[in-house]
Amino acid sequence: SQQGEEDPQALSIQEGENATMNCSYKTSINNLQWYRQNSGRGLVHLILIRSNEREKHSGRLRVTLDTSKKSSSLLITASRAADTASYFCATDGAAGNKLTFGGGTRVLVKP
Amino acid sequence: DAGVIQSPRHEVTEMGQEVTLRCKPISGHNSLFWYRQTMMRGLELLIYFNNNVPIDDSGMPEDRFSAKMPNASFSTLKIQPSEPRDSAVYFCASTPGGQGWTQPQHFGDGTRLSIL
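Every chain is numbered on its own, with residues counted from 1 as its sequence reads. All chains are assigned letters beginning with A, and all ligands numbers beginning with 1, in the order in which they are written. Reporting in this predicted model follows two pLDDT cut-offs: at least 70 for local features of residues, and 80 or more for side-chain atom pairs to be given and counted; totals over whole chains, interfaces and linings ignore these cut-offs and use all residues. Values shown for side chains rest on all heavy atoms present in the structure; no hydrogens or waters enter the calculation.

Caption draft 1: Highlighting the sheet that holds strand S6 (residues 55–58) of chain A. Residues and elements named next belong to chain A. The five strands are arranged S1-S3-S8-S7-S6 in an open sheet whose pairing can be described as antiparallel. Pairing within the sheet leaves two strands with one partner each, and these edge strands are strand S1 (5–7) and S6. Pairwise comparison of adjacent strand axes, ignoring direction, gives a mean angle of 20 degrees for this sheet. By this definition, two strands are paired if DSSP reports at least two bridges between them. Starting at the N terminus, helices and strands are each numbered in turn, a helix being any DSSP run of H or I of at least four residues and a strand any DSSP run of E of at least two. Pairing of strand S7 (residues 61–66) with strand S8 (residues 71–76), which is carried by six bridges, proceeds in the antiparallel orientation. Looking across to S8, one finds that valine 63 is bridged to leucine 74. Between the N-to-C directions of two axes lies an angle of 0 to 180 degrees, each axis being a line fitted to C-alpha atoms and, for a helix, fitted only over the stretch in contact.

What follows is the structure in C-alpha coordinates.
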(Lines give C-alpha, C1' and ligand atoms only; values in the text may rest on other atoms or scores of the structure.)
Protein backbone atom coordinates (compact mmCIF):
# COMPACT_ATOMS: atom_id res chain seq x y z
CA SER A 1 0.00 0.00 0.00
CA GLN A 2 1.12 3.57 -0.52
CA GLN A 3 2.92 5.39 2.29
CA GLY A 4 1.15 8.66 1.65
CA GLU A 5 -2.57 8.94 1.08
CA GLU A 6 -4.12 12.23 0.00
CA ASP A 7 -7.55 13.39 0.97
CA PRO A 8 -9.79 14.35 -0.73
CA GLN A 9 -9.21 12.52 -4.00
CA ALA A 10 -10.77 15.42 -5.88
CA LEU A 11 -11.61 19.02 -5.09
CA SER A 12 -13.53 21.61 -7.08
CA ILE A 13 -13.47 25.28 -6.06
CA GLN A 14 -14.07 28.72 -7.47
CA GLU A 15 -11.23 31.01 -8.37
CA GLY A 16 -10.24 33.09 -5.38
CA GLU A 17 -11.18 30.44 -2.83
CA ASN A 18 -8.69 28.52 -0.73
CA ALA A 19 -7.95 24.85 -1.37
CA THR A 20 -6.84 22.49 1.36
CA MET A 21 -5.70 18.93 0.91
CA ASN A 22 -4.31 16.46 3.40
CA CYS A 23 -1.75 13.69 3.35
CA SER A 24 -1.52 10.86 5.86
CA TYR A 25 1.38 8.45 6.14
CA LYS A 26 2.13 5.34 8.12
CA THR A 27 5.73 5.27 9.30
CA SER A 28 8.18 7.82 10.65
CA ILE A 29 9.75 10.12 8.09
CA ASN A 30 12.75 12.37 7.61
CA ASN A 31 11.00 14.70 5.20
CA LEU A 32 7.76 15.13 3.31
CA GLN A 33 7.46 16.75 -0.09
CA TRP A 34 4.56 18.15 -2.10
CA TYR A 35 4.48 18.10 -5.90
CA ARG A 36 2.11 19.44 -8.56
CA GLN A 37 1.36 17.71 -11.83
CA ASN A 38 -0.40 19.45 -14.67
CA SER A 39 -2.19 17.32 -17.22
CA GLY A 40 0.26 15.62 -19.57
CA ARG A 41 3.32 16.98 -17.76
CA GLY A 42 5.86 15.81 -15.21
CA LEU A 43 5.73 16.48 -11.49
CA VAL A 44 6.96 19.83 -10.26
CA HIS A 45 8.36 20.18 -6.76
CA LEU A 46 6.52 22.66 -4.52
CA ILE A 47 7.74 22.39 -0.93
CA LEU A 48 9.92 20.10 1.18
CA ILE A 49 9.28 20.05 4.92
CA ARG A 50 11.56 18.22 7.32
CA SER A 51 10.37 16.18 10.26
CA ASN A 52 11.55 18.81 12.77
CA GLU A 53 9.56 21.57 11.03
CA ARG A 54 5.91 22.31 11.62
CA GLU A 55 5.06 24.82 8.92
CA LYS A 56 6.53 26.21 5.70
CA HIS A 57 5.36 28.86 3.28
CA SER A 58 6.10 29.49 -0.36
CA GLY A 59 4.13 32.26 -2.02
CA ARG A 60 0.46 31.27 -1.85
CA LEU A 61 1.31 27.81 -0.53
CA ARG A 62 1.35 26.81 3.12
CA VAL A 63 2.34 23.35 4.28
CA THR A 64 1.96 22.01 7.79
CA LEU A 65 3.35 18.83 9.27
CA ASP A 66 2.13 17.03 12.36
CA THR A 67 4.42 14.09 13.01
CA SER A 68 2.39 12.96 16.04
CA LYS A 69 -0.60 12.44 13.76
CA LYS A 70 1.52 11.39 10.78
CA SER A 71 -0.20 13.93 8.60
CA SER A 72 0.48 16.99 6.48
CA SER A 73 -1.69 19.56 4.80
CA LEU A 74 -1.21 21.77 1.77
CA LEU A 75 -3.15 25.02 1.59
CA ILE A 76 -3.37 27.04 -1.61
CA THR A 77 -4.70 30.52 -0.89
CA ALA A 78 -6.54 32.73 -3.37
CA SER A 79 -6.62 29.97 -5.97
CA ARG A 80 -6.30 30.68 -9.67
CA ALA A 81 -7.40 28.71 -12.71
CA ALA A 82 -3.71 27.94 -13.30
CA ASP A 83 -3.66 26.00 -10.01
CA THR A 84 -5.80 23.32 -11.64
CA ALA A 85 -3.64 20.21 -11.36
CA SER A 86 -3.07 17.06 -9.34
CA TYR A 87 -1.16 17.45 -6.10
CA PHE A 88 0.93 14.65 -4.59
CA CYS A 89 2.65 14.20 -1.28
CA ALA A 90 5.77 12.05 -1.07
CA THR A 91 7.57 10.67 1.96
CA ASP A 92 10.96 9.11 2.45
CA GLY A 93 10.60 7.09 5.60
CA ALA A 94 8.93 3.81 4.84
CA ALA A 95 11.14 2.34 2.18
CA GLY A 96 14.54 3.73 3.02
CA ASN A 97 16.28 5.20 0.03
CA LYS A 98 13.28 6.22 -2.02
CA LEU A 99 10.35 8.60 -2.14
CA THR A 100 6.92 7.01 -1.90
CA PHE A 101 4.12 9.00 -3.52
CA GLY A 102 0.49 9.12 -2.58
CA GLY A 103 -2.36 8.78 -5.02
CA GLY A 104 -2.85 12.53 -5.39
CA THR A 105 -5.63 15.09 -5.07
CA ARG A 106 -7.12 16.41 -8.31
CA VAL A 107 -7.90 20.10 -7.92
CA LEU A 108 -10.16 21.95 -10.34
CA VAL A 109 -10.28 25.72 -10.02
CA LYS A 110 -13.22 27.16 -11.92
CA PRO A 111 -12.88 30.69 -13.30
CA ASP B 1 18.43 25.99 -17.92
CA ALA B 2 17.30 22.81 -19.60
CA GLY B 3 15.32 20.48 -17.42
CA VAL B 4 15.19 16.71 -17.58
CA ILE B 5 14.62 15.67 -21.17
CA GLN B 6 12.82 12.48 -22.09
CA SER B 7 12.22 10.92 -25.48
CA PRO B 8 10.07 9.93 -27.13
CA ARG B 9 7.08 11.75 -25.63
CA HIS B 10 4.69 9.16 -27.02
CA GLU B 11 5.29 5.59 -28.12
CA VAL B 12 2.74 3.18 -29.54
CA THR B 13 3.90 -0.29 -30.43
CA GLU B 14 2.67 -3.82 -30.67
CA MET B 15 3.02 -6.48 -28.03
CA GLY B 16 6.31 -8.32 -28.22
CA GLN B 17 8.29 -5.40 -29.61
CA GLU B 18 11.30 -3.92 -27.88
CA VAL B 19 10.78 -0.47 -26.41
CA THR B 20 13.58 1.92 -25.44
CA LEU B 21 12.92 5.06 -23.43
CA ARG B 22 15.58 7.71 -23.08
CA CYS B 23 16.43 10.30 -20.47
CA LYS B 24 18.90 13.14 -20.21
CA PRO B 25 19.17 14.40 -16.60
CA ILE B 26 19.96 17.95 -15.61
CA SER B 27 23.65 18.66 -16.07
CA GLY B 28 25.54 18.19 -12.82
CA HIS B 29 22.89 16.03 -11.18
CA ASN B 30 24.30 12.85 -9.69
CA SER B 31 21.15 10.84 -9.07
CA LEU B 32 18.63 9.59 -11.60
CA PHE B 33 15.31 7.88 -11.03
CA TRP B 34 12.92 6.04 -13.34
CA TYR B 35 9.25 5.99 -12.32
CA ARG B 36 6.12 4.48 -13.81
CA GLN B 37 2.69 6.09 -13.38
CA THR B 38 -0.61 4.27 -13.88
CA MET B 39 -4.13 4.98 -12.71
CA MET B 40 -4.24 1.74 -10.74
CA ARG B 41 -0.87 1.86 -9.02
CA GLY B 42 0.00 5.53 -9.01
CA LEU B 43 3.64 6.58 -9.23
CA GLU B 44 6.12 3.77 -8.60
CA LEU B 45 9.90 3.92 -8.44
CA LEU B 46 11.47 1.43 -10.82
CA ILE B 47 15.20 2.04 -10.41
CA TYR B 48 17.60 4.57 -8.92
CA PHE B 49 21.13 5.42 -10.11
CA ASN B 50 23.79 7.36 -8.25
CA ASN B 51 26.93 8.41 -10.14
CA ASN B 52 25.81 6.17 -13.03
CA VAL B 53 25.67 3.07 -10.80
CA PRO B 54 22.33 1.30 -10.17
CA ILE B 55 21.71 1.48 -6.43
CA ASP B 56 18.20 0.10 -6.06
CA ASP B 57 16.37 -1.81 -8.79
CA SER B 58 13.88 -3.51 -6.50
CA GLY B 59 11.01 -1.77 -8.27
CA MET B 60 11.79 -3.21 -11.69
CA PRO B 61 8.76 -5.40 -12.41
CA GLU B 62 10.50 -8.35 -14.01
CA ASP B 63 13.37 -9.41 -16.19
CA ARG B 64 11.76 -7.90 -19.25
CA PHE B 65 12.77 -4.50 -17.86
CA SER B 66 16.35 -3.28 -17.88
CA ALA B 67 17.95 0.13 -17.33
CA LYS B 68 21.38 1.50 -18.05
CA MET B 69 23.26 4.70 -17.42
CA PRO B 70 26.41 4.61 -19.55
CA ASN B 71 27.38 8.16 -18.59
CA ALA B 72 26.27 11.07 -16.45
CA SER B 73 24.13 12.60 -19.17
CA PHE B 74 22.16 9.66 -20.52
CA SER B 75 20.03 6.78 -19.31
CA THR B 76 17.78 4.24 -21.02
CA LEU B 77 14.93 2.07 -19.84
CA LYS B 78 14.29 -0.91 -22.07
CA ILE B 79 11.35 -3.31 -22.16
CA GLN B 80 11.80 -6.51 -24.12
CA PRO B 81 9.42 -8.07 -24.96
CA SER B 82 6.71 -5.51 -24.26
CA GLU B 83 3.24 -6.48 -23.03
CA PRO B 84 -0.05 -4.53 -22.90
CA ARG B 85 0.20 -4.28 -19.10
CA ASP B 86 3.36 -2.22 -19.55
CA SER B 87 1.23 0.64 -20.90
CA ALA B 88 1.84 3.62 -18.62
CA VAL B 89 3.57 6.97 -18.41
CA TYR B 90 7.26 6.56 -17.62
CA PHE B 91 9.06 9.43 -15.91
CA CYS B 92 12.68 10.16 -15.36
CA ALA B 93 13.80 12.44 -12.52
CA SER B 94 17.15 13.70 -11.28
CA THR B 95 18.61 15.34 -8.17
CA PRO B 96 21.95 17.07 -7.52
CA GLY B 97 23.12 14.94 -4.63
CA GLY B 98 23.44 11.33 -3.63
CA GLN B 99 20.46 10.95 -1.35
CA GLY B 100 17.82 11.90 -3.86
CA TRP B 101 14.94 11.14 -1.52
CA THR B 102 16.00 13.97 0.79
CA GLN B 103 15.97 16.60 -1.98
CA PRO B 104 13.49 17.99 -4.49
CA GLN B 105 13.36 15.78 -7.53
CA HIS B 106 13.26 17.31 -11.02
CA PHE B 107 10.99 15.40 -13.38
CA GLY B 108 10.87 15.19 -17.14
CA ASP B 109 7.54 15.35 -18.95
CA GLY B 110 7.43 11.60 -19.36
CA THR B 111 6.94 9.07 -22.12
CA ARG B 112 3.38 7.88 -22.65
CA LEU B 113 3.73 4.25 -23.69
CA SER B 114 0.90 2.26 -25.24
CA ILE B 115 1.39 -1.42 -26.00
CA LEU B 116 -1.29 -2.80 -28.30
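Caption draft 2: Broad picture of the pattern of salt bridges. Just to be clear on terms, a salt bridge is a Lys or Arg side-chain nitrogen sitting within 4 Å of an Asp or Glu carboxyl oxygen. Tallying each qualifying case throughout the model produces 11 salt bridges over all chains. One salt bridge connects Asp83(A) with Arg60(A), and the closest N-O pair in it is separated by 2.9 Å. With a gap of 23 residues between them, Asp83(A) in the loop between S8 and strand S9 (85–91) and Arg60(A) in the loop between S6 and S7 connect regions that are remote in the sequence. Working definition: with a 1.4 Å probe on protein chains only, accessible area under 20% of the residue-type maximum means buried, over 50% means exposed, and in between means partly exposed. On the basis of relative accessibility, which here comes to 10%, the residue Asp83(A) falls in the buried class. Among the ionic pairs, Arg64(B) bridges to Asp86(B), the shortest N-O distance being 2.7 Å. Of this pair, Arg64(B) sits in the loop between strand S6 (53–56) and strand S7 (65–71) while Asp86(B) sits in the loop between strand S8 (74–79) and strand S9 (88–95), and the two are 22 residues apart along the sequence. Here Arg64(B) matches Asp86(B) in class, with each residue buried. Linked by salt bridges that have partners in common, Glu62(B), Arg64(B), Glu83(B), Arg85(B) and Asp86(B) make up one network.

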